[in-house]
Amino acid sequence: MMTPYEHLLVIRTAYERATDTVCKKHSIKHRELDILLFLHDYPNMSTATDIVKKQNLSKSHVSVSLRALEERGFVSGEFHGTNRRTIYLHLNDSASEVLSDAINARCEFAMAMVAGFTEEEKNALGSYLGRVKKNLLSLSKK
């Protein structure tokens, strides 16, 4: 029987394979794709700090990825009002094709992951994964 850790590795590896075509097509890294998807999925969470906290990533990884995305013209940052300390990020139109491809790949992956599941089983899985996420996030705060 596989351990929970082994299950998570299989899921992560399968997700990376599912999005690998998108990354290769657009010459971006998986972490950069994850950040684009985050900014798409959470438009009200548009700072590097939001990404670090919500995605549980290191500041340095986020910074390097954002710099690469800015250089490619996929993301821009701007100050709001008189606040000159916080840069708010937004997706540029040039990211639309990458995002479209990524969203399609993510949907195909999600459908493959729960193929043959009943609605009740899908709901239970979502509930269990939510609890796993909560448990793991509490570990990172220690």
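Conventions we followed
Residues numbered from 1 in each chain as written. Predicted model: local features only at pLDDT ≥ 70, side-chain atom pairs only at ≥ 80, totals over all residues. Heavy atoms only, no water. Helix = DSSP H or I, 4+ residues; strand = E, 2+ residues; numbered from the N terminus. Buried < 20%, exposed > 50% of the residue type's maximum accessible area, 1.4 Å probe, protein only. Contact = heavy atoms within 4.5 Å. Phe/Tyr/Trp six-rings, centres within 6.5 Å; stacked < 30°, edge-to-face > 60°. Salt bridge = Lys/Arg side-chain N within 4 Å of Asp/Glu carboxyl O. Core = buried A, V, L, I, M, F, W, Y, C linked by side-chain atoms within 4.5 Å. Pairing = 2+ DSSP bridges. Patch = residues over 30% accessible without salt bridge, like charges linked within 9 Å, V, L, I, M, F, W, Y side chains within 5 Å. Areas by Shrake-Rupley, 256 points an atom, 1.4 Å probe, with all protein chains shown as cover. Axes fitted to C-alpha atoms, helices over the stretch in contact; angles between N-to-C directions. Parallel < 35°, antiparallel > 145°, perpendicular 65-115°, else oblique. Left-handed = near helix turned anticlockwise from the far one by under 90°. Nonpolar A, V, L, I, M, F, W, Y, C, P; charged D, E, K, R; others polar.

## Overview of the overall build of the protein
Within the protein, the secondary structure is distributed over 6 helices and 2 strands. Counting from the amino terminus, helix and strand elements in the protein follow one another as α-α-α-α-β-β-α-α. Principal axes of the C-alpha set define a box for the protein whose edges measure 55 × 40 × 25 Å. For the protein, the residues scored as buried account for 25% of the 142 residues in total. At a minimum sequence separation of 6, the contacts of the protein that also span at least 24 residues come to 49%.

## Comments concerning the packing of aromatic side chains
Counted by the stated rule, this structure contains 2 aromatic pairs. Aromatic pair Phe38 and Tyr42: ring centres 5.0 Å apart, planes at 35°, arrangement tilted. Since its relative accessible area comes to 32%, Tyr42 is described here as partly exposed.

## Notes on the pattern of salt bridges
Per the counting criterion, the structure on display carries 7 salt bridges. In this structure, Arg12 and Glu16 form a salt bridge, with 3.1 Å as the shortest nitrogen-oxygen distance. Taken as a pair, Arg12 and Glu16 lie in helix α1 (residues 4–26) at a separation of 4 residues, close to a single helical turn. Linking Asp20 and Lys24 is a salt bridge whose minimum nitrogen-to-oxygen distance equals 3.1 Å. Remark: Lys24 and Asp20 occur in helix α1; sequence separation between them is 4 residues, near one turn of the helix.

## Considerations on the nonpolar core
Leu33, Leu36, Ile51, Phe74 and Val75 are the most contacted members of the largest nonpolar core, which has 25 residues in total. The set of elements that each furnish at least two residues to this core consists of α1, α2 (30–41), α3 (48–55), α4 (59–71) and α5 (96–113). Considering each element in turn, this core owes the most residues, 6 residues, to α2.

## Side note on unusual backbone geometry
The bulk of non-glycine residues show a negative phi, and the bulk of peptide bonds are trans. Positive phi, close to 55°, is recorded for Ser27, a residue that is not glycine. As for its placement among the helices and strands, Ser27 is situated in the loop between α1 and α2. In this model, Asn56 sits at a positive phi of 60°, which is unusual for a non-glycine residue. Structurally, Asn56 can be placed in the loop between α3 and α4.

## Describing the pairing of strand β2 (residues 83–91)
In terms of strand pairing, strand β1 (residues 75–80) meets β2 through 5 bridges, oriented antiparallel. When the sheet's bridge partners are listed, His80 is paired in β2 with Asn83. Here β1 hands over to β2 after 2 residues, with Gly81 in that stretch at a positive phi of 60°.

## Concerning a nonpolar patch on the surface
A surface patch of nonpolar side chains, about 540 Å² in accessible area, is lined by Leu8, Ile11, Met113, Leu129, Val132, Leu136 and Leu139. By residue number, the principal contributor to the nonpolar patch is helix α6 (residues 119–140), which donates 4 residues. Mapped onto the elements of the fold, Leu136 is located in helix α6. Exposure remark for Leu136: the relative accessible area of 42% places this residue in the partly exposed category.

## Looking at the packing of α1 against α5
Between α1 and α5, the shortest axis-to-axis distance is 10 Å and the interhelical angle comes to 155°. With respect to their mutual orientation, α1 and α5 come out roughly antiparallel. α5 is crossed by α1, and the crossing has right-handed handedness. In this structure, α1 contributes Ile11, Ala14, Tyr15, Ala18, Thr19, Val22, Lys25 and His26 to the contact, and α5 contributes Glu97, Val98, Asp101, Ala102, Ala105, Arg106, Phe109 and Met113. Of the residues that constitute the contact of α1 with α5, the class distribution is 10 nonpolar, 2 polar and 4 charged.

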